[in-house]
Amino acid sequence: MKSSRLIRTLLILLVLALNIGCDQLSKSFVRHHLDEYSEYTYLHQHISIRRVENTGAFLSLGDSLSGPMKTILLNVLPLLAVLFGLYYIFAKADLNRVTLVGIIFIVGGGIGNIYDRIMHGSVTDFLHINFVIFQTGIFNVADMSIMAGTFMILLHAWFKKKPEEGVKTDTPTGEQI
């Protein structure tokens, strides 16, 4: 029992470290090799890499807030959410794998962006996708991680099979009676 809990904890930490590591490596590369607002395009200008230092949150929301309010909304609240997420994944041993990985991705992305805000005063964003009817704002690997985790959890919840109403499935094998 203790060894399986240790393995679970080590796997969580490994996935979390890989997640944060990929985010921070990509941002470090962009910070050191791209001038701010320089742009490189690929696939007939459908994908572009452009360094932008985002002092706000998603799509620069909150970048014009005053000092204390900005600190609370962009640093303190996200940090509390990440700490709650960490507590949740370690305390709740019966999470299914999809939900667990989804939460780890969300927490990892959150840590990556919070780290940037605290250490650099802004979050480095650099990816943009434009496929005519589908266009994104400029984002980073942490944002992709947060979105992937969110979609994993939502899709799992959406497709999770629920017993039909009136059908009892209380047998040990899960068979319908």
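Whatever comes next refers back to the structure up there.
In this text, all values refer to a predicted model and were calculated from it rather than measured experimentally.

K.L.:
Looking at this structure, I do not really get the sheet that holds strand E2 (residues 47-54). What am I missing?
P.N.:
Each strand in a sheet pairs with its neighbour through backbone hydrogen bonds, running either in the same direction (parallel) or in the opposite one (antiparallel). Ordered by their spatial adjacency, 4 strands build an open sheet running E1-E2-E3-E4, and the pairing between neighbours is antiparallel. In the strand order of this sheet, the two ends are held by strand E1 (39-42) and strand E4 (134-135), each with one partner. Pairing between E2 and strand E3 (residues 123-131): 6 bridges, direction antiparallel. Looking at E3, one finds that Ser48 is bridged to His128. Against the sheet, helix H1 (residues 2-33) engages E2 and E3, with an angle of about 95° to E3.

K.L.:
Whenever I open this one, unusual backbone geometry confuses me. Can you help?
P.N.:
As a rule of thumb, non-glycine residues mostly have phi less than zero, and peptide bonds are mostly trans rather than cis. A positive phi angle is found at His44, which is not glycine, with a value near 55°. The residue His44 is located in the loop between E1 and E2 in this model. Given the relative accessible area of 78%, His44 is considered exposed. The phi torsion at Val132 lies on the positive side, around 55°, for a residue other than glycine. Relative accessible area serves as the criterion here: at 72%, Val132 is assigned to the exposed category.

Cut-offs and rules
Sequence positions are assigned chain by chain, starting from 1 and proceeding in written order. The model is predicted, so local features are restricted to residues of pLDDT at least 70 and side-chain atom pairs to those at 80 or more, both for listing and for counting; the totals for chains, interfaces and linings are taken over all residues. Computation of side-chain values: all heavy atoms of the structure, hydrogens and water removed. The criterion for strand pairing is that DSSP finds at least two bridges linking the strands in question. Under the scheme used here, helices are H or I runs from DSSP no shorter than 4 residues and strands are E runs no shorter than 2 residues, and both carry numbers assigned from the N terminus. By the convention used here, residues are in contact when the closest approach between their heavy atoms is within 4.5 Å. Only C-alpha atoms enter the line fits that serve as axes; for helices the fit covers just the stretch in contact. Angles between N-to-C directions range over 0 to 180 degrees. Classification of residues uses two cut-offs on accessible area relative to the type maximum, computed with a 1.4 Å probe and protein chains only: under 20% is buried, over 50% is exposed, and between them is partly exposed.

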